[in-house]
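Observations on the model geometry
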Amino acid sequence: MSAVGADRLLSSVWGYADSTLRWCWIPRLLPSWCPTSEDQLQTAEDMMLSCVDSTNSKQYVPISEGTRLWTLTFSRDCVKDRTPLVLLHGFGGGVGLWAQNLDSLSQQRPVWAVDLLGFGRSSRPRFSTDAREAEEQFVESIEQWRAKVGLESMILLGHNLGGYLAVSYSIKYPGRVKHIVLVEPWGFPERPDTAEADRPIPVWIKALGTMFSPFNPLASLRLVGPLGPTLVQTLRPDFKKKFSSMFSDNTVSEYIYHLNVQTPSGETAFKNMTTPEGCAVRPMLQRMEQLPPQIPLTIMYGSRSSIDSNPCSSIRDMRPHSHVEITQTIRGAGHYVFADQPEDFNHTLLKVCSKVD
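Remember, it's a predicted structure, so these values are computed and weren't measured experimentally.

Looking only at helices and strands, the protein chain has 15 helices and eight strands in total. Within the protein chain, the proportion of its 357 residues that are buried is 53%. Considering only contacts within the protein chain whose residues lie at least 6 apart along the sequence, 78% involve residues at least 24 apart. Accessible surface, the protein chain: about 16900 Å² in total, of which carbon and sulfur atoms supply 51%.

Now for the pattern of salt bridges. Overall, the coordinates contain 14 salt bridges when judged by the stated rule. The salt bridge partner of R121 is E45, with a shortest N-O separation of 3.1 Å. Pair noted here: R121 is in the loop between β4 (111–114) and α5 (131–149) and E45 is in helix α3 (residues 38–48), with a separation of 76 residues, a long-range link. Judged by relative accessible area, E45 falls into the buried class, the value being 1%. A salt bridge links R236 to D238; the nearest nitrogen and oxygen atoms lie 2.7 Å apart. Here the salt bridges share partners, and the residues they tie into one network are R236, D238, K242 and D340.

Another point: the pairing of strand β7 (residues 297–300). By the alternation rule, side chains of β7 split into L297 and I299 and T298 and M300, which are all buried. Here three bridges tie β7 to strand β8 (residues 324–326), and the two strands are oriented parallel to one another. Considered in β8, the bridge of I299 is made with I326. This β-α-β element, β7 to helix α13 (residues 311–318) to β8, shows right-handed connectivity.

Turning our attention to the sheet that holds strand β3 (residues 85–88). Reading across from one edge, β1-β2-β4-β3-β5-β6-β7-β8 is the order of the eight strands in this open sheet, with mixed pairing throughout. In the strand order of this sheet, the two ends are held by β1 (57–62) and β8, each with one partner. Averaged over all pairs of adjacent strands, the angle between their axes in this sheet comes to 20°, without regard to strand direction. With respect to the sheet, helix α15 (residues 342–354) is in contact with β3, β5 (154–159), β6 (177–183), β7 and β8, its orientation differing from that of β6 by roughly 155°.

On to unusual backbone geometry. Across residues other than glycine, the phi torsion is negative in most instances, and most of the peptide bonds are trans. One non-glycine residue, N160, adopts positive backbone phi at about 60°. Its place among the elements puts N160 in the loop between β5 and α6 (161–172). For N160, a relative accessible area of 13% corresponds to the buried category. A positive phi is found at E184, a non-glycine position, where the angle reads about 50°.

Where α3 meets helix α11 (residues 251–260), the closest approach of the two axes is 9 Å, and the angle between their N-to-C directions is 145°. The interaxial crossing formed by α3 with α11 has left-handed handedness. Residues Q40, L41, A44, E45, M47 and M48 of α3 lie in contact with α11, whose contacting residues are T251, V252, E254, Y255, H258 and L259. Split by residue class, the contact of α3 with α11 holds seven nonpolar, three polar and two charged.

With 84% of its residues at a pLDDT of 70 or more, the protein chain has an overall mean of 87. A low-confidence stretch, residues 195–199 stays under pLDDT 50, and its non-local contacts, those more than four residues away or across chains, total zero contacts.

Our focus in this paragraph is the packing of α5 against α6. Closest axis-to-axis distance for the α5/α6 pair is 9 Å, and the angle between their directions is 70°. Between α5 and α6, the angle falls in the class roughly perpendicular. Only Y164, L165, S168, Y169 and K172 of α6 make contact with α5, whose side of the interface consists of E135, E136, F138, V139, E140, I142, E143 and R146. Partitioned by chemical class, the residues of the contact of α5 with α6 number six nonpolar, one polar and six charged.

Under the definition given, this model contains 13 aromatic pairs. Summarising the aromatic geometry, the rings of W98 and F338 are spaced 4.4 Å apart at their centres and angled 35° between planes, so their arrangement reads as tilted. Here the residue W98 occupies a position in the loop between β3 and α4 (102–105), and F338 occupies one in helix α14 (residues 337–340), the gap between them amounting to 240 residues. The two residues W98 and F338 agree in class, both being buried.

Among the secondary structure elements, G278 is positioned in the loop between α12 (266–272) and β7. Under the relative-accessibility criterion, G278 is labelled partly exposed at 35%. Put simply, G278 and G187 are 91 residues apart on the chain and 8.4 Å apart in space, counted from C-alpha to C-alpha.

For the rest of this paragraph, the subject is α13. For α13, the set of buried residues is P311, C312 and I315. All buried residues of α13 lie within an arc of 105° about the axis, which places them on one face of the element. Its buried side turned inward, α13 meets β7 and β8.

Moving on, we get to the nonpolar core. By size, the foremost hydrophobic cluster in this structure holds 51 residues, and its most contacted members are V86, W145, L161, I180 and M288. The contacts of I180, once residues within four sequence positions are left out, are L156, A166, V167, S170, L291, I295, P296, L297 and T298. Judged by nonpolar contacts, the second largest core, of 48 residues, contains L49, V181, V261 and V356.

Conventions and cut-offs
Residues numbered from 1 in each chain as written. Predicted model: local features only at pLDDT ≥ 70, side-chain atom pairs only at ≥ 80, totals over all residues. Heavy atoms only, no water. Helix = DSSP H or I, 4+ residues; strand = E, 2+ residues; numbered from the N terminus. Buried < 20%, exposed > 50% of the residue type's maximum accessible area, 1.4 Å probe, protein only. Contact = heavy atoms within 4.5 Å. Areas by Shrake-Rupley, 256 points an atom, 1.4 Å probe, with all protein chains shown as cover. Salt bridge = Lys/Arg side-chain N within 4 Å of Asp/Glu carboxyl O. Pairing = 2+ DSSP bridges. Right-handed = clockwise from strand over helix to strand, strands pointing away. Axes fitted to C-alpha atoms, helices over the stretch in contact; angles between N-to-C directions. Left-handed = near helix turned anticlockwise from the far one by under 90°. Nonpolar A, V, L, I, M, F, W, Y, C, P; charged D, E, K, R; others polar. pLDDT = per-residue confidence, 0-100. Parallel < 35°, antiparallel > 145°, perpendicular 65-115°, else oblique. Phe/Tyr/Trp six-rings, centres within 6.5 Å; stacked < 30°, edge-to-face > 60°. Arc of directions from axis to C-beta. Core = buried A, V, L, I, M, F, W, Y, C linked by side-chain atoms within 4.5 Å.

Structure representation (structure tokens):
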């Protein structure tokens, strides 16, 4: 194929992708095409949390420019003076995914679970298309939330994207963090730099890349409309298994579906913060030296996870005068460590937290 022909093909593919993209993402089409709503997400979350026995409160915490973060709070009188544990979920997650952990964790200290800005039941504003600015929006929303609820300091735990943001927040606001716990964190390794990257890319691959690159990671879930719930159940039956001790029906699949077919916001930000290889545009390893050495760091992985754990050694080497604990890999757990092996996860985390106070 000639260069002119290739350019025409790419232009045609881009035009098709752009028009399809606009059609798929017009918010006013979502209610009629995707069987979801904010009320249905609330109902799905209520079902996820129906097995949580501990007394808790639920509220929208207003932050800036009319945005709000959905928050669960567990605070028993006998532990209210201990350093609170704040839970930040990962990409595509929400507070309901901590259902198997909240009772156990809240027995020893206050626990706050938050839907990140742009995810779950929190506000879904427009994020900057710049990776640095989008990350800053996430970090500032966490700080505004902390100030609003009145936490002086906290143990900050983040899973996946939440882990990346936990470190980013701690670099900017170190005085507010007593301990960082990273669970299967995303965004730490450098972008792969191999000989493969220098090889010429065939035109047809470029065409496919051009076609799919504009789409958010979960656009296909919206694209299939009413088939979405079935698609989640079919492609991710593991989620039902993870929570089998609590539910025997499709409660978890319903929750996952309604979490991820609302108007894309945090999802779009994540896409703009991610390279085509799935790495962070701004790898956190490049900034670990900015994290004050007095902040202890614990990293947890699942033995069956596909996430690269090699950055752990790099982090330890970069922080020779700091406490960096890479906990024993939790056996039998995949990426969702806290759901795959909740008892082991809870026990390990409580042991880590006990050292803080």
